[in-house]
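Residue-level structure breakdown
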Amino acid sequence: ETTEGMKDVVIDIVDDVVASDTTSTIEKVDGYYGKDDVLKTSDTGKITWKFNVPVTGFYQIDIPYCQIVGKTTSIERVFSINGEIPFSEARSIVLSKVWKYDYVIDENGKESFKQDGNGNDIRPSVSEDPKWVVRTLQDANGYYTEPFEFFFQAGENTITLESTREPVVLGDIVLRPVSKKIL
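Overview of the structure. Computed from a predicted structure; not experimentally measured.

Here the focus is the pairing of strand 6 (residues 57–67). In terms of burial, strand 6 is a largely internal element, 10 of the 11 residues being buried. Relative to strand 16 (residues 150–152), strand 6 runs antiparallel, the two being bridged by 3 bridges. Across the sheet, residue F58 finds its bridge partner in strand 16, namely F151. Both strand 6 and strand 19 (residues 173–177) contribute to a ladder of 4 bridges, which runs antiparallel. Along strand 19, the bridge assignment pairs I61 with L175. Here 4 bridges tie strand 6 to strand 15 (residues 133–136), and the two strands are oriented antiparallel to one another. Residue pairing across strands places I63 opposite R135, the latter belonging to strand 15. Bridge count for strand 6 against strand 18 (residues 168–170) is 3 bridges, and the pairing is antiparallel. Bridging from a neighbouring strand, Y65 pairs with L170 of strand 18.

Further remarks concern the packing of aromatic side chains. Per the stated rule, a full pass over the model turns up 11 aromatic pairs. With a centroid separation of 5.9 Å and 75° between ring planes, the pair formed by Y59 and F152 is classed as edge-to-face. Here Y59 is found in strand 6, whereas its partner F152 is found in strand 16, with 93 residues between them in sequence. The pair Y59 / F152 is uniform in exposure class, with both members buried. Of the aromatic side chains, those joined through ring pairs into one cluster are F79, F87, F148 and F150.

Grouped together as the largest cluster of nonpolar side chains are 30 residues, with contacts concentrated most on W49, I61, F79, F152, I159 and L175. Residues within four places of F79 in sequence aside, it is in contact with I61, I85, P86, A90, I93, L137, F150, I159, T160 and L161. Ranked by size, the runner-up nonpolar core spans 6 residues in total, among them Y32, V38, I68 and V169.

Oppositely charged side chains may form a pair once their charged atoms are brought near each other. Scanning all chains against the criterion turns up 8 salt bridges. For E76, the salt bridge identified is with R165, shortest N-O distance 3.2 Å. Of the two residues, E76 sits in strand 7 (residues 75–81) while R165 sits in strand 17 (residues 155–165), which places them 89 residues apart along the sequence. Classification of R165 as partly exposed rests on a relative accessible area of 35%. We note a salt bridge from K131 to D129, for which the minimum N-O separation is 3.0 Å. On the basis of relative accessibility, which here comes to 18%, the residue D129 falls in the buried class. Through salt bridges with shared partners, a single ionic network connects K28, D30 and D37.

Definitions and cut-offs
Residues numbered from 1 in each chain as written. Predicted model: local features only at pLDDT ≥ 70, side-chain atom pairs only at ≥ 80, totals over all residues. Heavy atoms only, no water. Buried < 20%, exposed > 50% of the residue type's maximum accessible area, 1.4 Å probe, protein only. Helix = DSSP H or I, 4+ residues; strand = E, 2+ residues; numbered from the N terminus. Pairing = 2+ DSSP bridges. Phe/Tyr/Trp six-rings, centres within 6.5 Å; stacked < 30°, edge-to-face > 60°. Core = buried A, V, L, I, M, F, W, Y, C linked by side-chain atoms within 4.5 Å. Contact = heavy atoms within 4.5 Å. Salt bridge = Lys/Arg side-chain N within 4 Å of Asp/Glu carboxyl O.

As structure tokens, this is what we get:
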């Protein structure tokens, strides 16, 4: 296996930003659902981060994020490395929102269903439940069940996220080495 010398590469979500286009609004935020030094991004535009990869190889990419309460649609981004989309599935990276059922809660903290006039349980409504989630980039359609593996050359690299739907707050992105068998 060829992960020797490889280690996680952490991209500082705030300090490693090198470019954002005029349609993108970005803002450093502290205390967002318990996390400091995070980046609030808009639902339009591109943001690029520059970072150094010490060892050439394949990496999986983890993106920590927290939704911004708003619309019911998922968060979507186009992902590119060094200015190029690595494969077609990277055109639609989906970061799912977190939802919860709105139950009736009694004075003891017990959850129960609302009931109609005949005593029948009524299905609870759902609402957004913002919390920090880490998504390993993978196929949004579920055709490929394994996380994506991205090839990076040693040295300076960039990744770009282009917003196609919904704003989001991002934490530090992590590249994790993937071991590959030598044939």
